[in-house]
Amino acid sequence: MARYLLRRLIFVFLSLFLIISATFFLMKAIPGDPFTSEKAVPKEILESMMEHYGLNDPIHVQYVKYLGSVVTWELGPSFKYKARTVNDIINDGFPVSFTLGLSALFIAISFGLILGVIAALYHNKWQDYTAMVIAVLGISVPSFILATFSQYIFAMKLGWFPVARWGSIEQIVLPAFALAALPMAFIARLTRSNMLEVLAQDYIKTAKAKGLTKFKTTFVHALRNALMPVITYLGPLSASILTGTFVIERIFGIPGLGSHFVTSISNRDYTVIMGTTVFYSVILLFMILLVDILYGIIDPRIKLSGKGK
């Protein structure tokens, strides 16, 4: 297990290094600079700003400096937000995005598993059709349509929740459901298809023949083995949903990290682009590592140490 973890950690750091390098050189290959859109800036001031931020240095010097800043986790100042660093932006935005994403994940996993299990247990019955209709709606309706619709119905017409903004539990409900709809639908469909396959296995029939209850057969024996594809899907999903989503955060006026990530690209804010990309990559690689470890816990037949092959 320790050797496996060491190999995976080496893989994580190598992947992170490649992501940072690729993002850095691709960003530098884009024509222009962060101050291209600045209006009426005298040439002397522009040169001074370029010198101050180290943009006049040779590219290999900038690259080595940036690798050093990632190692110390001092991601540098923002070129567009005055008196703010990339660390400030991440520290302010990530807790908000994390809270919203965690709420959406909880909703998506809970309702997705319930719908998938019900659909599999009542295959080709009205419960199955109803669950799959909900799943199809979750996949086909874009999140911004669902967010706007829920604002109109539950906030403006019924007055159950605030229309927008951030700070109370009531303000989390609508954006969390809008954000959870698509992953919930995918989880429901994945759970249903894998549960149908597992329920047809011989060991499930043996369990039923031995007199095990339907509840124990389903949740102890079948669901556990049907969860592997869902766990695989949850790795990258968790990284993307916990680090902020631009559309939902913009519609509900939520000060999360997703809006900074998108606006930094249009602003050519190099340090924020790099900082948010590195931060997202760290979360993604950590979640993939966690998923790999969970494989061995959920299904002991998978040997993490590589023994028994």
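Before going further, it helps to spend a moment on helix H6 (residues 143-157). Relative to the 21 Å expected for 15 residues at 1.5 Å per residue, H6 spans 20 Å between its end C-alpha atoms, a close match to the ideal helical length. The largest bend in H6 comes to about 25°, at glutamine 151. The inward-facing, buried residues of H6 abut helix H7 (170-199) and helix H11 (246-251).

Moving on to the packing of helix H1 (residues 2-29) against helix H3 (residues 59-72). Contact geometry of H1 with H3 gives a least axis separation of 11 Å together with a crossing angle of 140°. The pairing of H1 with H3 is recorded here as oblique in orientation. The chirality of how H1 crosses H3 is right-handed. Mapping the contact onto sequence places Phe17, Ile20, Ser21, Phe24, Phe25 and Lys28 in H1 and Ile59, Gln62, Tyr63, Tyr66, Leu67 and Val70 in H3. Within the contact of H1 with H3, the residues separate by chemical class into 9 nonpolar, 2 polar and 1 charged.

Right, let's talk about the pattern of salt bridges for a bit. For the structure on display, the rule yields 4 salt bridges. For the salt bridge of aspartate 292 with arginine 8, the shortest nitrogen-to-oxygen distance reads 2.4 Å. Taken together, the residues aspartate 292 in helix H13 (residues 270-298) and arginine 8 in helix H1 connect sequence positions 284 residues apart.

As a further point, take the side chain of threonine 217. Mapped onto the fold, threonine 217 is located in helix H9 (residues 214-226). Ignoring sequence-local partners within four residues, the contact set of threonine 217 consists of Ile204, Ala207, Lys208, Leu212 and Ala222.

Turning our eyes to something else, we now look at the packing of H1 against H13. Helix-helix packing is described using two parameters, namely the angle between the two axes and the distance between the axes. Remark: H1 packs on H13, axes separated minimally by 10 Å, with the N-to-C direction vectors making an angle of 155°. Classified by the angle between their axes, H1 and H13 sit roughly antiparallel to one another. Between H1 and H13 lies a crossing whose hand is right-handed. Taken together, the residues of the contact of H1 with H13 sort by class into 18 nonpolar, 4 polar and 3 charged.

Basis of the calculations
Residues numbered from 1 in each chain as written. Predicted model: local features only at pLDDT ≥ 70, side-chain atom pairs only at ≥ 80, totals over all residues. Heavy atoms only, no water. Helix = DSSP H or I, 4+ residues; strand = E, 2+ residues; numbered from the N terminus. Expected span 1.5 Å × (residues − 1). Bend = angle between axes of the 7 residues up to and from the residue. Contact = heavy atoms within 4.5 Å. Axes fitted to C-alpha atoms, helices over the stretch in contact; angles between N-to-C directions. Parallel < 35°, antiparallel > 145°, perpendicular 65-115°, else oblique. Left-handed = near helix turned anticlockwise from the far one by under 90°. Nonpolar A, V, L, I, M, F, W, Y, C, P; charged D, E, K, R; others polar. Salt bridge = Lys/Arg side-chain N within 4 Å of Asp/Glu carboxyl O.

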